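Listed below are the residues making up each chain.
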Amino acid sequence: DPSGRRLPPHSALGLVLQTVEMHTGGEPLRIIPRLEAVEAAVAGGLSLLSLRREVAATQDHVRRTLMHEPRGHAGMYGAVVVAGRAATAGAHLAALFLHGAGYSAMCGHAILALGRFALDYGLVAVPSCPETTVCLQCPCGPVTAFVPWDGHRSRNPVRFHSVPAFAAAIDLAIDVPGHGKVVVDIGYGGTFYAFLSAAQLGLNVCSSKTRDLVRAASAVTEAVKKQFKLHHPENEDLAFLYGTILTDGNDAFSEMPTTNICVFADEQVDRSPTGSGVTARIALQYHKGLIQLNQTRTFRSSTTGSLFTGKAVKATKFGDYNAVIVEVSGEAFYTGTATFTVEEEDPLKFGFFFK
């Protein structure tokens, strides 16, 4: 600025957080490339699941600061990038996923964005043309992304191969207060979701009000939590229902997109078709014999109309479950960078949340 003025704040004695801003299919991803408290914990040799617990216990103000208002919003989503061999276990990077209510174990839309970020931020020493493999360590396990690289920067579409995905329950009868009996499937795609057609709740995933879909999906989530006990083959830390995905009921193979809406955490609405949800839904369709290996399906978000594709690429075992490795593909874009400051005397410095 020629007049010598510079932008405030002129004192940043409090917390300063630098982020890279992205979105995948409309779902935001606020990336925190470095968090010193996390790096210190990693140096101490914590596993990623332990690190997730540790960050929740000691650094939750960072999540609230960046996810909640006034810096975030009810639909905000984030990722803390973890470097260091202990947590990354030989991967290019590890990630902790943040949302309005806490910490997830897996996030497909974030993987698609982080794949690009890893190349552009220099986390892969020598990217290769036309596509670079990026190994990510997530709380649910290792995930591999495949990112186009033109010699200068990353491109779209990005795809990833999930942790093994499986059908946890098929045709489960659940009593939902206010809706009566419904039949749900529970699928695992790095985290667990309940799936059912919106029609079972008297709604249409394409035309009903989002508020009504959210309320109904949340009622299903609460009912399933009370009426069905989840188990994870490797770690009971991962045995929680993350949300409910309402669909248009078009589960049989088709060239046409199938539309769904994902309501997760505390009534948070995914703007994208939901990467871990697509993974779980493909696993369910494969389990039911509705699709074969390498049959690509297209999934549309009812909120933004954005598209992901998914296909089962390999059958495998996961504990006692017959599972599949699912490939999900989508487009992630940069929207900017930010420097967030926290003034000590601000009574709302760590954010606030209201519905």
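Numbers given to residues run from 1 along each chain, matching the order in which its sequence is written. The predicted origin of the model limits local features to residues at a pLDDT of at least 70 and limits the giving and counting of side-chain atom pairs to 80 or more, whereas totals for whole chains, interfaces and linings rest on all residues. Values shown for side chains rest on all heavy atoms present in the structure; no hydrogens or waters enter the calculation.

Labelled according to an unreviewed UniProt entry, the protein chain appears under the name trans-L-3-hydroxyproline dehydratase, originating from Jacana jacana. UniProt positions are given in the numbering used here, feature names are shortened, and annotations may be inferred rather than shown by experiment. On record in UniProt, under Sequence similarities (unreviewed entry), the comment for the protein chain is "Belongs to the proline racemase family."

(A) Broad picture of the overall build of the protein chain. A helix here means a DSSP run of H or I that spans at least four residues, while a strand means a run of E at least two residues long, and both kinds are numbered starting from the N terminus. Summing up its helical and strand segments, the protein chain has seven helices and 18 strands in all. Within these notes, the globule rule equals 2.2 Å times the number of residues to the 0.38 power, and the radius of gyration is based on C-alpha atoms. A compact globule built from 355 residues should have a C-alpha radius of gyration of about 20 Å, and the protein chain, at 20 Å, falls within 12% of that. Burial analysis of the protein chain (355 residues in total) assigns 52% to the buried set. Surface accessibility follows the Shrake-Rupley procedure with a 1.4 Å probe radius. Residue values consider only the protein chains on display as shielding. For the protein chain, the accessible surface area stands at approximately 15100 Å², while carbon and sulfur atoms represent 52% of it. Of the side chains in the protein chain, 31 bear a positive and 32 a negative charge, and the two mean positions are spaced by 2 Å. Throughout this description, buried means an accessible area under 20% of the type-specific maximum (1.4 Å probe, protein chains only), exposed means over 50%, and partly exposed covers the range between. Positive charges are assigned to Lys and Arg, negative charges to Asp and Glu, while His and the chain termini are left out of the count. The atom standing in for a charge is NZ when the residue is Lys, CZ when it is Arg, CG when it is Asp and CD when it is Glu.

(B) Structural detail: the environment of K229. Relative to the elements of secondary structure, K229 occurs in the loop between α6 (210–227) and β12 (241–247). Judged by its relative accessible area of 60%, K229 is exposed. Sequence separation between K229 and F240 is eleven residues, and the spatial gap between their C-alpha atoms is 8.8 Å.

(C) Representation of α6 in the model. The first and last C-alpha atoms of α6 sit 26 Å apart over 18 residues, in line with the 26 Å expected at 1.5 Å per residue. When we look at burial in α6, the residues that qualify are L213, V214, A216, A217, S218, V220, T221, A223 and V224. In what follows, residue pairs with any heavy atoms lying within 4.5 Å of each other are defined as contacts. Residues of α6 that are buried in the fold lie against β9 (165–176), β10 (180–188), β11 (192–197), β12, β13 (258–264) and β14 (268–269). Here, expected helix span is obtained from the residue count minus one, scaled by 1.5 Å.

(D) Representation of the domain arrangement of the protein chain in the model. The split into domains, and so the bounds of each, comes from an automatic or database assignment of domains. Taken domain by domain, the protein chain consists of domain 1 (15–157 + 334–342) and domain 2 (163–329). In this structure, domain 1 and domain 2 have C-alpha centres spaced 24 Å apart. Taken together, the 26 residues of domain 1 in the interface contact 25 residues of domain 2. The term buried area denotes the loss of accessible surface (1.4 Å probe radius) that occurs when two parts are joined, taken as the sum for both partners. With both chains or domains summed, domain 1 and domain 2 bury close to 1800 Å², and 59% of this area falls on carbon and sulfur atoms. Considering only the side of domain 1, the residues that lose the most area to domain 2 are G25, E27 and C140, jointly responsible for 24% of the buried surface there. One speaks of a salt bridge when a side-chain nitrogen belonging to Lys or Arg is within 4 Å of a carboxyl oxygen belonging to Asp or Glu. Our count for the domain 1 to domain 2 interface comes out at one salt bridge. A 3.5 Å cut-off defines polar contacts: any pair of N or O atoms within that distance qualifies, except that in protein one atom must be a possible hydrogen donor and the other a possible acceptor, and neighbouring residues in sequence count only when both atoms are side-chain atoms. Viewed at the interface, domain 2 and domain 1 are joined by seven residue pairs in polar contact (both at pLDDT 80 or more).

(E) Spotlight on the pattern of salt bridges. In this structure the tally under the stated criterion is twelve salt bridges. Put simply, D150 and R155 hold a salt bridge, and the shortest N to O gap is 2.9 Å. Note that K225 and E222 form a salt bridge whose closest N and O atoms lie 4.0 Å from each other. Note that K225 and E222 are positioned in helix α6 at a spacing of three residues, about one turn of the helix.

(F) Here's a closer look at unusual backbone geometry. In this model, P8 is joined to P9 through a cis peptide bond whose omega is 5 degrees. Secondary-structure assignment places P9 in the segment before β1 (16–24). With omega at -5 degrees, the peptide bond leading from N156 into P157 counts as cis. Mapped onto the fold, P157 is located in the loop between β7 (141–148) and β8 (158–161). Look at D171: it is not a glycine, yet its phi comes out positive at around 50 degrees. Checked against the element boundaries, D171 lands in strand β9. In the Ramachandran plot, N294 falls in the positive-phi region, its phi being about 65 degrees despite a non-glycine side chain.

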